[in-house]
Amino acid sequence: MADLRIEQADWLLTLDPQRRIIRDGAVAVEGGRIVAVGKTAEVAAAHPASRVISARGKVATPGLIDSHIHTTFQMSRGLADEVGSKAFLFERMYPYEGALDEEDARVSIRLCVLELLKNGVTTFIDAGNYQPHLTAEVAGEAGMRCVVARSSFDVTKSAMGVLPPAFIETTDEALERAEAVVQKLHGAYDGRVHAWFQFRGLNNSTDRLIIELKRLADRYGVGIQTHACFARDTMEASKRQHGLTEIERLERLGALGPNVLLIHAGWATERELELLRRQHVKVVAAPSSSLHNAYGNIAHGHIPELLEAGVAVGIGSDHASSGIVDLCQEMFLVACAYKEVRENAGVMPPERVLEMATLNGARCALREAEIGSIEPGKRADLVLFDTARPEWQPLYNPVANLVYSATGKSVETVIVDGRVLIEGGRVVTLDEGAIIEAARRRAPEILDKTKLGAVTAPKWPVM
(Lines give C-alpha, C1' and ligand atoms only; values in the text may rest on other atoms or scores of the structure.)
Protein backbone atom coordinates (compact mmCIF):
# COMPACT_ATOMS: atom_id res chain seq x y z
CA MET A 1 0.00 0.00 0.00
CA ALA A 2 1.49 3.30 -1.14
CA ASP A 3 1.08 6.40 1.01
CA LEU A 4 0.04 8.59 -1.90
CA ARG A 5 -0.77 8.31 -5.59
CA ILE A 6 -1.07 11.24 -7.94
CA GLU A 7 -2.92 10.13 -11.07
CA GLN A 8 -4.60 11.22 -14.30
CA ALA A 9 -2.19 14.10 -14.89
CA ASP A 10 -2.88 15.53 -18.33
CA TRP A 11 0.85 16.11 -18.71
CA LEU A 12 3.53 14.68 -16.40
CA LEU A 13 6.90 16.36 -17.03
CA THR A 14 9.32 13.88 -15.50
CA LEU A 15 12.65 15.60 -16.27
CA ASP A 16 14.09 12.08 -16.10
CA PRO A 17 17.17 11.15 -18.21
CA GLN A 18 14.94 10.61 -21.26
CA ARG A 19 12.95 13.78 -20.49
CA ARG A 20 9.72 11.79 -20.85
CA ILE A 21 6.40 13.62 -20.91
CA ILE A 22 3.64 11.21 -19.90
CA ARG A 23 0.01 11.78 -20.84
CA ASP A 24 -2.48 10.48 -18.26
CA GLY A 25 0.50 10.16 -15.93
CA ALA A 26 0.71 8.89 -12.38
CA VAL A 27 3.21 8.82 -9.50
CA ALA A 28 3.18 6.49 -6.49
CA VAL A 29 4.85 7.54 -3.22
CA GLU A 30 5.96 5.53 -0.20
CA GLY A 31 7.86 6.89 2.78
CA GLY A 32 8.39 10.23 1.10
CA ARG A 33 10.03 8.69 -1.98
CA ILE A 34 8.76 8.06 -5.47
CA VAL A 35 8.32 4.34 -6.11
CA ALA A 36 6.63 4.34 -9.52
CA VAL A 37 6.07 6.66 -12.47
CA GLY A 38 4.01 5.84 -15.54
CA LYS A 39 0.55 5.65 -17.06
CA THR A 40 -2.31 5.88 -14.57
CA ALA A 41 -3.72 2.42 -15.29
CA GLU A 42 -0.35 0.72 -14.75
CA VAL A 43 0.64 2.62 -11.61
CA ALA A 44 -2.83 2.35 -10.04
CA ALA A 45 -2.95 -1.41 -10.57
CA ALA A 46 0.48 -1.98 -9.04
CA HIS A 47 0.29 0.59 -6.24
CA PRO A 48 -3.00 0.94 -4.36
CA ALA A 49 -2.70 3.95 -2.07
CA SER A 50 -4.22 5.24 1.14
CA ARG A 51 -4.61 8.66 -0.49
CA VAL A 52 -5.21 9.45 -4.15
CA ILE A 53 -4.99 12.91 -5.73
CA SER A 54 -6.52 13.48 -9.14
CA ALA A 55 -4.35 15.60 -11.41
CA ARG A 56 -6.91 15.70 -14.20
CA GLY A 57 -6.59 19.02 -16.01
CA LYS A 58 -3.17 19.60 -14.43
CA VAL A 59 0.45 19.75 -15.53
CA ALA A 60 2.68 17.93 -13.04
CA THR A 61 6.34 18.94 -12.66
CA PRO A 62 9.17 18.31 -10.23
CA GLY A 63 9.21 20.79 -7.36
CA LEU A 64 10.80 24.06 -8.48
CA ILE A 65 14.13 25.04 -6.95
CA ASP A 66 14.97 28.69 -6.29
CA SER A 67 18.76 28.68 -6.21
CA HIS A 68 19.22 32.15 -4.72
CA ILE A 69 16.87 34.08 -2.44
CA HIS A 70 17.44 36.55 0.41
CA THR A 71 14.65 35.54 2.78
CA THR A 72 15.29 38.45 5.15
CA PHE A 73 14.95 40.92 2.25
CA GLN A 74 11.27 40.16 1.69
CA MET A 75 10.18 43.25 3.64
CA SER A 76 12.42 45.43 1.44
CA ARG A 77 10.09 45.39 -1.57
CA GLY A 78 9.96 48.98 -2.82
CA LEU A 79 12.99 50.17 -0.84
CA ALA A 80 15.61 49.94 -3.58
CA ASP A 81 14.06 51.05 -6.85
CA GLU A 82 15.93 53.01 -9.54
CA VAL A 83 19.41 52.59 -8.04
CA GLY A 84 22.58 50.94 -9.29
CA SER A 85 24.82 48.41 -7.58
CA LYS A 86 26.66 50.63 -5.09
CA ALA A 87 23.60 52.56 -3.95
CA PHE A 88 21.54 49.37 -3.87
CA LEU A 89 23.93 47.71 -1.45
CA PHE A 90 25.44 50.46 0.66
CA GLU A 91 22.63 53.04 0.74
CA ARG A 92 19.58 50.78 0.73
CA MET A 93 19.91 47.06 1.43
CA TYR A 94 22.78 46.94 3.93
CA PRO A 95 21.22 49.71 6.06
CA TYR A 96 17.87 47.91 5.82
CA GLU A 97 19.37 44.58 6.86
CA GLY A 98 21.45 46.15 9.61
CA ALA A 99 18.31 47.69 11.13
CA LEU A 100 16.35 44.42 11.38
CA ASP A 101 15.78 42.89 14.78
CA GLU A 102 14.90 39.23 15.19
CA GLU A 103 11.16 39.75 14.96
CA ASP A 104 11.55 41.87 11.80
CA ALA A 105 13.58 39.05 10.30
CA ARG A 106 11.01 36.45 11.29
CA VAL A 107 8.19 38.42 9.65
CA SER A 108 10.25 38.82 6.47
CA ILE A 109 11.25 35.15 6.31
CA ARG A 110 7.68 33.96 6.84
CA LEU A 111 6.43 36.23 4.07
CA CYS A 112 9.19 35.00 1.74
CA VAL A 113 8.57 31.31 2.46
CA LEU A 114 4.87 31.84 1.89
CA GLU A 115 5.42 33.46 -1.50
CA LEU A 116 7.96 30.86 -2.60
CA LEU A 117 5.69 27.99 -1.64
CA LYS A 118 2.58 29.43 -3.26
CA ASN A 119 4.56 29.82 -6.49
CA GLY A 120 5.62 26.18 -6.60
CA VAL A 121 9.07 26.30 -4.99
CA THR A 122 9.81 23.24 -2.88
CA THR A 123 13.53 23.91 -2.29
CA PHE A 124 15.41 27.20 -1.95
CA ILE A 125 18.97 28.27 -1.28
CA ASP A 126 19.02 31.22 1.08
CA ALA A 127 21.69 33.72 0.13
CA GLY A 128 22.93 33.99 3.71
CA ASN A 129 21.78 36.23 6.54
CA TYR A 130 22.33 36.91 10.24
CA GLN A 131 19.35 34.84 11.42
CA PRO A 132 19.84 31.53 9.58
CA HIS A 133 18.23 29.67 12.47
CA LEU A 134 14.99 31.54 11.75
CA THR A 135 15.11 30.69 8.05
CA ALA A 136 15.65 27.02 8.95
CA GLU A 137 12.83 27.13 11.50
CA VAL A 138 10.25 28.79 9.25
CA ALA A 139 11.02 26.68 6.17
CA GLY A 140 11.38 23.51 8.22
CA GLU A 141 8.05 23.93 9.95
CA ALA A 142 6.38 24.79 6.62
CA GLY A 143 7.65 21.48 5.22
CA MET A 144 10.04 22.89 2.60
CA ARG A 145 13.65 22.07 1.81
CA CYS A 146 16.27 24.78 2.04
CA VAL A 147 19.92 25.65 2.34
CA VAL A 148 20.81 28.23 5.00
CA ALA A 149 24.06 30.04 5.72
CA ARG A 150 25.36 32.75 8.00
CA SER A 151 26.64 35.86 6.23
CA SER A 152 30.34 36.53 6.66
CA PHE A 153 32.28 39.77 6.13
CA ASP A 154 35.60 40.82 7.64
CA VAL A 155 36.54 43.92 5.64
CA THR A 156 34.67 46.95 6.95
CA LYS A 157 35.53 49.29 4.09
CA SER A 158 36.13 48.48 0.44
CA ALA A 159 36.09 50.32 -2.85
CA MET A 160 32.35 49.62 -2.95
CA GLY A 161 31.53 51.28 0.39
CA VAL A 162 31.44 50.98 4.20
CA LEU A 163 29.48 48.27 6.01
CA PRO A 164 26.94 49.03 8.74
CA PRO A 165 28.25 48.58 12.31
CA ALA A 166 25.97 45.55 12.83
CA PHE A 167 27.90 43.61 10.18
CA ILE A 168 31.39 44.25 11.50
CA GLU A 169 33.28 41.27 12.96
CA THR A 170 36.80 39.89 12.96
CA THR A 171 37.89 37.04 10.75
CA ASP A 172 38.00 34.67 13.71
CA GLU A 173 34.51 35.70 14.82
CA ALA A 174 33.13 35.20 11.32
CA LEU A 175 34.68 31.74 11.01
CA GLU A 176 33.56 30.61 14.46
CA ARG A 177 29.97 31.79 13.99
CA ALA A 178 29.66 30.32 10.50
CA GLU A 179 30.95 26.94 11.65
CA ALA A 180 28.54 26.91 14.58
CA VAL A 181 25.61 27.34 12.19
CA VAL A 182 26.67 24.37 10.07
CA GLN A 183 27.22 22.23 13.16
CA LYS A 184 23.80 23.08 14.53
CA LEU A 185 21.55 23.24 11.47
CA HIS A 186 22.92 20.89 8.82
CA GLY A 187 20.51 17.99 8.50
CA ALA A 188 17.78 19.57 10.63
CA TYR A 189 14.07 18.95 10.08
CA ASP A 190 14.44 15.35 8.92
CA GLY A 191 17.29 16.29 6.62
CA ARG A 192 15.29 18.87 4.67
CA VAL A 193 17.49 21.72 5.95
CA HIS A 194 21.11 21.88 4.89
CA ALA A 195 23.61 24.43 6.19
CA TRP A 196 26.49 25.87 4.17
CA PHE A 197 29.21 28.48 4.43
CA GLN A 198 29.05 31.89 2.77
CA PHE A 199 31.11 35.01 2.33
CA ARG A 200 28.71 37.70 1.24
CA GLY A 201 30.90 39.58 -1.20
CA LEU A 202 34.46 39.18 -2.41
CA ASN A 203 35.46 42.80 -1.95
CA ASN A 204 34.50 42.77 1.73
CA SER A 205 36.29 39.49 2.49
CA THR A 206 39.95 38.92 3.27
CA ASP A 207 41.96 36.17 1.63
CA ARG A 208 42.10 34.34 4.95
CA LEU A 209 38.33 34.38 5.42
CA ILE A 210 37.76 32.96 1.93
CA ILE A 211 40.44 30.28 2.27
CA GLU A 212 39.28 29.15 5.71
CA LEU A 213 35.57 29.07 4.78
CA LYS A 214 36.37 26.92 1.74
CA ARG A 215 38.46 24.62 3.93
CA LEU A 216 35.56 24.29 6.37
CA ALA A 217 33.09 23.59 3.57
CA ASP A 218 35.34 20.81 2.29
CA ARG A 219 35.78 19.43 5.80
CA TYR A 220 32.05 19.28 6.50
CA GLY A 221 31.13 18.11 3.01
CA VAL A 222 28.82 21.06 2.34
CA GLY A 223 28.62 23.94 -0.10
CA ILE A 224 29.99 27.46 -0.02
CA GLN A 225 28.45 30.41 -1.85
CA THR A 226 29.13 34.04 -2.69
CA HIS A 227 28.03 36.81 -5.03
CA ALA A 228 30.54 37.30 -7.84
CA CYS A 229 30.88 39.44 -10.97
CA PHE A 230 27.38 40.83 -10.63
CA ALA A 231 28.19 44.37 -11.79
CA ARG A 232 30.89 46.38 -13.47
CA ASP A 233 31.49 48.08 -10.10
CA THR A 234 32.44 44.83 -8.33
CA MET A 235 34.75 43.78 -11.15
CA GLU A 236 36.56 47.12 -11.19
CA ALA A 237 36.77 47.20 -7.39
CA SER A 238 38.39 43.78 -7.36
CA LYS A 239 40.97 44.87 -9.92
CA ARG A 240 41.82 47.96 -7.86
CA GLN A 241 42.02 46.11 -4.53
CA HIS A 242 43.61 42.83 -5.60
CA GLY A 243 44.95 43.24 -9.11
CA LEU A 244 42.68 40.42 -10.25
CA THR A 245 39.10 39.93 -11.31
CA GLU A 246 36.87 38.18 -8.78
CA ILE A 247 36.91 34.59 -10.06
CA GLU A 248 40.63 34.85 -10.85
CA ARG A 249 41.15 35.80 -7.23
CA LEU A 250 39.18 32.77 -6.07
CA GLU A 251 41.36 30.56 -8.26
CA ARG A 252 44.52 32.04 -6.82
CA LEU A 253 43.21 31.31 -3.32
CA GLY A 254 42.32 27.71 -4.21
CA ALA A 255 38.67 28.50 -3.49
CA LEU A 256 36.99 27.06 -6.58
CA GLY A 257 35.49 23.61 -6.92
CA PRO A 258 32.32 21.53 -7.34
CA ASN A 259 30.93 22.64 -3.95
CA VAL A 260 31.18 26.35 -4.85
CA LEU A 261 28.05 28.29 -5.87
CA LEU A 262 28.58 31.69 -7.51
CA ILE A 263 25.67 34.07 -7.87
CA HIS A 264 25.26 36.16 -11.06
CA ALA A 265 28.71 35.87 -12.74
CA GLY A 266 27.39 38.19 -15.43
CA TRP A 267 30.65 40.11 -15.80
CA ALA A 268 32.91 37.06 -15.87
CA THR A 269 35.70 37.27 -18.45
CA GLU A 270 36.50 34.54 -20.96
CA ARG A 271 39.27 33.29 -18.70
CA GLU A 272 36.91 33.24 -15.72
CA LEU A 273 34.29 31.33 -17.71
CA GLU A 274 36.88 28.70 -18.52
CA LEU A 275 37.74 28.44 -14.80
CA LEU A 276 34.07 27.85 -14.01
CA ARG A 277 33.90 25.06 -16.57
CA ARG A 278 37.18 23.44 -15.54
CA GLN A 279 36.49 23.56 -11.80
CA HIS A 280 32.82 22.42 -12.12
CA VAL A 281 31.63 25.50 -10.23
CA LYS A 282 27.87 26.00 -9.95
CA VAL A 283 26.31 29.31 -11.08
CA VAL A 284 22.97 31.04 -10.50
CA ALA A 285 21.30 33.42 -12.94
CA ALA A 286 19.07 36.03 -11.28
CA PRO A 287 17.42 37.82 -14.21
CA SER A 288 14.87 40.03 -12.44
CA SER A 289 17.57 41.36 -10.11
CA SER A 290 19.80 42.39 -13.00
CA LEU A 291 16.96 43.84 -15.04
CA HIS A 292 15.57 45.81 -12.08
CA ASN A 293 18.89 47.36 -11.06
CA ALA A 294 20.59 47.49 -14.49
CA TYR A 295 23.55 45.31 -13.51
CA GLY A 296 24.19 44.24 -17.09
CA ASN A 297 24.23 40.50 -16.38
CA ILE A 298 22.03 39.76 -19.40
CA ALA A 299 23.76 42.14 -21.80
CA HIS A 300 27.25 41.01 -20.80
CA GLY A 301 26.53 37.52 -19.45
CA HIS A 302 27.20 34.09 -20.91
CA ILE A 303 24.54 31.87 -19.37
CA PRO A 304 23.68 30.18 -22.70
CA GLU A 305 27.34 29.29 -23.25
CA LEU A 306 27.78 27.99 -19.70
CA LEU A 307 24.72 25.77 -20.13
CA GLU A 308 26.02 24.51 -23.47
CA ALA A 309 29.30 23.63 -21.75
CA GLY A 310 27.48 21.56 -19.14
CA VAL A 311 27.89 23.98 -16.22
CA ALA A 312 25.11 23.64 -13.64
CA VAL A 313 23.29 26.98 -13.89
CA GLY A 314 20.24 27.45 -11.69
CA ILE A 315 17.75 30.32 -11.43
CA GLY A 316 17.23 32.59 -8.43
CA SER A 317 14.61 35.22 -7.74
CA ASP A 318 17.21 36.95 -5.51
CA HIS A 319 14.99 39.22 -3.40
CA ALA A 320 11.67 41.00 -3.18
CA SER A 321 13.37 44.36 -3.66
CA SER A 322 13.55 43.39 -7.35
CA GLY A 323 9.77 43.01 -7.35
CA ILE A 324 8.93 39.40 -8.13
CA VAL A 325 9.56 36.24 -6.13
CA ASP A 326 8.12 33.85 -8.70
CA LEU A 327 10.35 31.31 -10.41
CA CYS A 328 7.91 30.94 -13.30
CA GLN A 329 8.36 34.61 -14.13
CA GLU A 330 12.13 34.28 -13.66
CA MET A 331 12.12 31.48 -16.25
CA PHE A 332 10.33 33.76 -18.71
CA LEU A 333 12.80 36.58 -18.07
CA VAL A 334 15.98 34.54 -18.43
CA ALA A 335 14.69 32.92 -21.61
CA CYS A 336 13.39 36.02 -23.34
CA ALA A 337 15.97 38.55 -22.19
CA TYR A 338 18.77 36.51 -23.77
CA LYS A 339 16.74 36.14 -26.97
CA GLU A 340 16.45 39.92 -27.09
CA VAL A 341 20.06 40.88 -26.40
CA ARG A 342 21.40 38.15 -28.70
CA GLU A 343 18.80 38.92 -31.38
CA ASN A 344 18.33 35.17 -31.64
CA ALA A 345 14.92 33.65 -30.92
CA GLY A 346 16.43 30.17 -30.74
CA VAL A 347 18.60 30.94 -27.71
CA MET A 348 17.44 29.56 -24.35
CA PRO A 349 14.59 27.26 -25.42
CA PRO A 350 11.97 26.53 -22.75
CA GLU A 351 13.18 22.97 -22.18
CA ARG A 352 16.62 24.18 -21.17
CA VAL A 353 15.16 26.88 -18.93
CA LEU A 354 12.91 24.40 -17.11
CA GLU A 355 16.00 22.25 -16.51
CA MET A 356 17.58 25.27 -14.83
CA ALA A 357 14.66 25.50 -12.37
CA THR A 358 14.68 21.76 -11.58
CA LEU A 359 17.64 19.53 -12.44
CA ASN A 360 20.24 22.30 -12.38
CA GLY A 361 18.77 23.73 -9.19
CA ALA A 362 19.23 20.31 -7.60
CA ARG A 363 22.87 20.31 -8.72
CA CYS A 364 23.35 23.81 -7.32
CA ALA A 365 21.93 22.62 -3.98
CA LEU A 366 24.24 19.55 -4.12
CA ARG A 367 21.13 17.35 -3.93
CA GLU A 368 20.82 15.98 -7.47
CA ALA A 369 20.55 12.41 -6.15
CA GLU A 370 17.42 13.36 -4.18
CA ILE A 371 15.43 15.99 -6.08
CA GLY A 372 15.04 17.77 -9.42
CA SER A 373 13.12 15.14 -11.39
CA ILE A 374 10.21 12.74 -11.06
CA GLU A 375 11.73 9.27 -11.06
CA PRO A 376 11.72 6.25 -8.75
CA GLY A 377 14.07 6.59 -5.80
CA LYS A 378 13.95 10.37 -5.59
CA ARG A 379 12.13 12.35 -2.93
CA ALA A 380 8.48 13.02 -3.72
CA ASP A 381 8.61 16.76 -4.45
CA LEU A 382 5.98 17.70 -7.05
CA VAL A 383 3.90 20.62 -8.24
CA LEU A 384 0.53 20.52 -10.00
CA PHE A 385 -0.33 23.51 -12.20
CA ASP A 386 -3.99 24.14 -12.93
CA THR A 387 -4.48 24.52 -16.70
CA ALA A 388 -8.12 25.65 -16.42
CA ARG A 389 -6.85 29.21 -16.67
CA PRO A 390 -6.59 31.49 -19.71
CA GLU A 391 -2.77 31.71 -19.60
CA TRP A 392 -2.54 27.94 -20.04
CA GLN A 393 -4.80 27.73 -23.10
CA PRO A 394 -4.48 26.55 -25.76
CA LEU A 395 -2.10 23.91 -24.49
CA TYR A 396 -0.04 22.35 -27.27
CA ASN A 397 3.32 22.15 -25.48
CA PRO A 398 3.20 22.28 -21.65
CA VAL A 399 6.88 23.20 -21.34
CA ALA A 400 6.40 26.24 -23.56
CA ASN A 401 3.27 27.30 -21.69
CA LEU A 402 5.00 26.93 -18.33
CA VAL A 403 7.97 29.09 -19.33
CA TYR A 404 6.34 31.62 -21.65
CA SER A 405 2.84 32.24 -20.31
CA ALA A 406 2.24 30.73 -16.87
CA THR A 407 3.00 32.30 -13.51
CA GLY A 408 3.09 30.85 -10.05
CA LYS A 409 -0.51 31.95 -9.60
CA SER A 410 -1.59 28.77 -11.40
CA VAL A 411 -0.01 26.48 -8.78
CA GLU A 412 -2.76 24.26 -7.39
CA THR A 413 -0.93 21.59 -5.37
CA VAL A 414 2.56 21.40 -3.85
CA ILE A 415 4.00 18.22 -2.36
CA VAL A 416 7.31 17.80 -0.50
CA ASP A 417 8.50 14.42 0.75
CA GLY A 418 5.07 13.06 -0.13
CA ARG A 419 3.39 15.56 2.19
CA VAL A 420 0.83 17.95 0.71
CA LEU A 421 1.77 21.53 1.60
CA ILE A 422 -0.60 23.32 -0.78
CA GLU A 423 -3.99 21.93 -1.74
CA GLY A 424 -6.47 23.71 -3.96
CA GLY A 425 -4.14 26.71 -4.00
CA ARG A 426 -4.32 27.01 -0.22
CA VAL A 427 -1.27 26.61 2.01
CA VAL A 428 -2.03 24.02 4.69
CA THR A 429 1.18 24.37 6.72
CA LEU A 430 1.18 28.15 7.16
CA ASP A 431 -1.37 30.72 8.32
CA GLU A 432 -1.37 32.92 5.23
CA GLY A 433 -3.68 35.57 6.66
CA ALA A 434 -1.65 35.96 9.83
CA ILE A 435 1.61 36.23 7.86
CA ILE A 436 0.28 38.97 5.60
CA GLU A 437 -1.27 40.87 8.51
CA ALA A 438 2.02 40.71 10.44
CA ALA A 439 3.86 42.09 7.41
CA ARG A 440 1.36 44.95 7.12
CA ARG A 441 1.78 45.84 10.78
CA ARG A 442 5.55 45.61 10.73
CA ALA A 443 6.20 47.56 7.52
CA PRO A 444 5.87 51.10 9.00
CA GLU A 445 8.28 50.22 11.83
CA ILE A 446 10.85 48.85 9.40
CA LEU A 447 10.53 51.91 7.18
CA ASP A 448 11.08 54.15 10.19
CA LYS A 449 14.16 52.19 11.31
CA THR A 450 15.78 52.26 7.89
CA LYS A 451 15.19 56.00 7.39
CA LEU A 452 14.30 55.26 3.75
CA GLY A 453 10.82 56.76 3.77
CA ALA A 454 11.81 59.88 1.86
CA VAL A 455 13.44 58.01 -1.03
CA THR A 456 10.71 55.39 -1.35
CA ALA A 457 7.62 57.61 -1.23
CA PRO A 458 5.45 57.77 -4.39
CA LYS A 459 6.67 60.35 -6.90
CA TRP A 460 3.13 61.51 -7.58
CA PRO A 461 1.13 63.51 -4.99
CA VAL A 462 -0.69 61.43 -2.38
CA MET A 463 -3.95 63.10 -1.30
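Data block above holds the structure.
Just so it is clear, the structure is predicted and the values come from calculations on it, not from any experiment.

Caption draft 1: Just the packing of aromatic side chains, in detail. Across all of its chains, the model carries ten aromatic pairs by this definition. A ring pair is formed by Phe73 and Tyr96, whose centres lie 5.9 Å apart and whose planes are at 85 degrees; its orientation type is edge-to-face. Of this pair, Phe73 sits in the loop between strand 8 (64-69) and helix 2 (85-99) while Tyr96 sits in helix 2, and the two are 23 residues apart along the sequence. Residue class for Tyr96 comes out buried when judged on its relative accessible area of 0%. Look at Phe385 and Trp392: their rings are 5.9 Å apart centre to centre, the planes differ by 45 degrees, and that puts the pair in the tilted class. Relative accessible area serves as the criterion here: at 0%, Phe385 is assigned to the buried category.

Caption draft 2: Structural context of the packing of helix 13 (residues 327-342) against helix 14 (residues 350-357). At a minimum axis distance of 10 Å, the contact between helix 13 and helix 14 shows a crossing angle of 135 degrees. With respect to helix 14, the axis of helix 13 lies oblique. The two elements helix 13 and helix 14 meet at a crossing, and its hand is right-handed. Counted together, Leu327, Met331, Val334 and Ala335 of helix 13 and Val353, Leu354, Met356 and Ala357 of helix 14 form the full contact between these two elements. In terms of residue class, the contact of helix 13 with helix 14 is made up of eight nonpolar, no polar and no charged.

Caption draft 3: Looking closely at the sheet that holds strand 18 (residues 419-423). Strand order in the open sheet made by the seven strands is 3-2-7-16-17-18-19, with mixed pairing throughout. Bordering the open sheet on either side are strand 3 (21-22) and strand 19 (426-427), each of which pairs with just one other strand. The pairing of strand 16 (residues 382-386) with strand 17 (residues 411-416) spans four bridges and is antiparallel. When the sheet's bridge partners are listed, Leu382 is paired in strand 17 with Ile415.

Caption draft 4: Up close: the nonpolar core. Ranked by size, the top nonpolar core spans 136 residues in total, and within it Ile303 and Met348 carry the most contacts. Among the elements that make up this core, the one with the highest residue count is helix 3 (residues 102-118) (nine residues). Not counting residues within four places of it along the chain, the set of residues in contact with Ile303 comprises Val283, Ala285, Val313, Tyr338, Met348 and Met356. Listed in part, the 18 residues of the second largest apolar core include Val37, Leu384, Ile415 and Val420.

Caption draft 5: Geometry of the pairing of strand 11 (residues 193-201). Among the nine residues of strand 11, nine are classified as buried, and the element is accordingly described as predominantly covered. Taken together, the three bridges between strand 11 and strand 12 (residues 224-228) define a ladder with parallel strand orientation. Looking across to strand 12, one finds that Gln198 is bridged to Gln225. Handedness of the β-α-β unit built from strand 11, helix 6 (residues 207-220) and strand 12 comes out right-handed.

Caption draft 6: A look at helix 6. Taking 1.5 Å of rise per residue, the 14 residues of helix 6 would be expected to cover 20 Å, and the 20 Å separating its terminal C-alpha atoms lies within 8% of that figure. Residues of helix 6 that are buried include every one of Leu209, Ile210, Leu213, Lys214, Leu216 and Ala217, and no others. The buried residues of helix 6 occupy one face: seen down the axis, they fall within an arc of 160 degrees. Lining the buried residues of helix 6 we find helix 5 (171-185), strand 11, strand 12, helix 8 (246-252) and strand 13 (260-264).

Caption draft 7: Representation of the pattern of salt bridges in the model. Counted according to the given criterion, the structure contains 36 salt bridges. Among the salt bridges present, the one from Arg215 reaches Glu212, with a minimum N-O distance of 2.8 Å. Note that Arg215 and Glu212 are positioned in helix 6 at a spacing of three residues, about one turn of the helix. Residue class for Arg215 comes out partly exposed when judged on its relative accessible area of 44%. On the basis of relative accessible area, Glu212 is assigned to the partly exposed category, the value being 21%. Notably, a salt bridge pairs Glu375 with Lys378, separated by 3.6 Å at the nearest N-O pair. Residue classification places Lys378 among the buried positions, given a relative accessible area of 10%.

Caption draft 8: Quick look at helix 14. Inspection of helix 14 places Pro350, Val353, Leu354, Met356 and Ala357 among the buried residues, and these make up the whole buried set. Angularly, the buried residues of helix 14 cover 150 degrees about the axis, an arc narrow enough to put them on a single face.

Caption draft 9: Here's a closer look at the sheet that holds strand 12. The strand order across the open sheet formed by eight strands is 8-9-10-11-12-13-14-15, and the pairing between neighbours is parallel. The sheet terminates laterally at strand 8 and strand 15 (313-315), the two strands that pair on one side only. Taken pair by pair, the neighbouring strands of this sheet meet at an average axis angle of 25 degrees, ignoring direction. Looking at chain direction, strand 12 and strand 13 are connected through five bridges and run parallel. Looking at the pairing, His227 lines up with Ile263 of strand 13.

Caption draft 10: Representation of the environment of Glu445 in the model. Counting through the fold element by element, Glu445 comes out in helix 17 (residues 432-450). Counting along the chain gives 341 residues from Glu445 to Asp104, while the straight-line C-alpha distance between them is 9.0 Å.

Caption draft 11: Local environment of the pairing of strand 17. Burial runs high along strand 17: six of the six residues are buried. When strand 17 meets strand 18, the two strands line up antiparallel, connected through three bridges. Across the sheet, residue Val414 finds its bridge partner in strand 18, namely Ile422. Hairpin geometry of strand 17 and strand 18 is characterised by an intervening segment of two residues between the two adjacent antiparallel strands and by a positive phi of about 55 degrees at Asp417.

Caption draft 12: Looking closely at the packing of helix 3 against helix 17. Following both chains from N to C, one finds helix 3 and helix 17 inclined at 135 degrees, their axes separated by 9 Å at the closest point. For the element pair helix 3 / helix 17, the angle class is oblique. Judged by the sense of rotation from one axis to the other, the crossing of helix 3 with helix 17 is left-handed. Touching Glu103, Asp104, Val107, Arg110, Leu111, Leu114 and Lys118 of helix 3 are Glu432, Ile435, Ile436, Ala438, Ala439, Arg442, Ile446 and Lys449, all from helix 17.

Cut-offs used in this document
- Residues numbered from 1 in each chain as written.
- Predicted model: local features only at pLDDT ≥ 70, side-chain atom pairs only at ≥ 80, totals over all residues.
- Heavy atoms only, no water.
- Phe/Tyr/Trp six-rings, centres within 6.5 Å; stacked < 30°, edge-to-face > 60°.
- Helix = DSSP H or I, 4+ residues; strand = E, 2+ residues; numbered from the N terminus.
- Buried < 20%, exposed > 50% of the residue type's maximum accessible area, 1.4 Å probe, protein only.
- Axes fitted to C-alpha atoms, helices over the stretch in contact; angles between N-to-C directions.
- Parallel < 35°, antiparallel > 145°, perpendicular 65-115°, else oblique.
- Left-handed = near helix turned anticlockwise from the far one by under 90°.
- Contact = heavy atoms within 4.5 Å.
- Nonpolar A, V, L, I, M, F, W, Y, C, P; charged D, E, K, R; others polar.
- Pairing = 2+ DSSP bridges.
- Core = buried A, V, L, I, M, F, W, Y, C linked by side-chain atoms within 4.5 Å.
- Right-handed = clockwise from strand over helix to strand, strands pointing away.
- Expected span 1.5 Å × (residues − 1).
- Arc of directions from axis to C-beta.
- Salt bridge = Lys/Arg side-chain N within 4 Å of Asp/Glu carboxyl O.

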